[in-house]
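Results of the structural survey
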Amino acid sequence: EKILLQKVMGALGQLTPRQRLIFVLKHQEGMTYEEIARVVGCSTGTAKKAVARALKKLREQLQLNSETDERVPCVV
């Protein structure tokens, strides 16, 4: 588990600060896209796109296939 956590933290480090913030707000804080949009100062659509892009980058960094049942674990 420690190795997986290190991989996840390394992958999160590859995101831009804004992508990382939006990802954490969504997946760790459990905020809605509307709440994220208000906090970050963007549209709801932009918040959704940012989360999708962050997930794509994380999957690439962690070498996860989006078509499998593998999930990016939430870091708490």
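The residue numbers shown here count from 1 along each chain, following its written sequence. Predicted model: local features are reported for residues with pLDDT of at least 70 only, side-chain atom pairs are reported and counted for 80 or more only, and whole-chain, interface and lining totals are derived from all residues. For side-chain calculations, the full set of non-hydrogen atoms in the structure is used, while hydrogens and water are omitted.

1. What about the overall build of the chain?
Per the secondary structure count, the chain includes 4 helices and 0 strands. Tracing the chain from N to C terminus, the helices and strands come up as α-α-α-α. Contact definition: two residues touch when any of their heavy atoms are within 4.5 Å. Considering only contacts in the chain between residues 6 or more positions apart, those separated by 24 or more positions represent 54%. All accessibility values rest on the Shrake-Rupley procedure with a 1.4 Å probe; residue burial counts only the protein chains present in the view. Counting every atom, the chain has about 5,400 Å² of accessible surface; 51% of that belongs to carbon and sulfur. Going along the chain from the N terminus, every DSSP run of H or I of four or more residues is numbered as a helix, and every run of E of two or more is numbered as a strand.

2. Some words on the nonpolar core
Take the buried residues of types Ala, Val, Leu, Ile, Met, Phe, Trp, Tyr and Cys, join any two whose side-chain atoms come within 4.5 Å, and each joined set is a nonpolar core. Burial status follows relative accessibility: with a 1.4 Å probe on protein chains alone, a residue under 20% of its type maximum counts as buried, one over 50% as exposed, and anything between as partly exposed. Counting residues in hydrophobic clusters, the biggest one holds 18 residues, and the most contacted among them are Leu 12, Leu 15, Ile 22, Phe 23, Ile 36 and Leu 58. Going through the elements one at a time, α1 (2-13), α2 (17-27), α3 (33-40) and α4 (44-62) are the ones with two or more residues in this core. Discounting chain neighbours no more than four positions away, the residues touching Leu 15 are Arg 20, Ala 54, Lys 57 and Leu 58.

3. Observations concerning the packing of α2 against α3
The packing of two helices is summarised by the inter-axis angle and the distance between the axes. Only the stretch in contact is used when a helix axis is fitted, and all axes are lines through C-alpha atoms; the angle between N-to-C directions ranges over 0 to 180 degrees. Packing of α2 against α3 brings their axes to within 10 Å, and their N-to-C directions diverge by 140°. The angle between α2 and α3 places the two elements in the oblique class. The two elements α2 and α3 cross, and the hand of that crossing is right-handed. Residues Arg 18, Leu 21, Ile 22, Leu 25 and Lys 26 of α2 lie in contact with α3, whose contacting residues are Tyr 33, Ile 36, Val 39 and Val 40. Each residue is assigned to one class: nonpolar for Ala, Val, Leu, Ile, Met, Phe, Trp, Tyr, Cys and Pro, charged for Asp, Glu, Lys and Arg, and polar for all the others, Gly among them. Among the residues forming the contact of α2 with α3, the class breakdown is 7 nonpolar, no polar and 2 charged. An angle below 35 degrees is treated as roughly parallel, one above 145 as roughly antiparallel, one from 65 to 115 as roughly perpendicular, and anything else as oblique. Handedness of each helix crossing follows the sense of rotation of the near helix against the far helix: counterclockwise by less than a right angle gives left-handed, clockwise gives right-handed.

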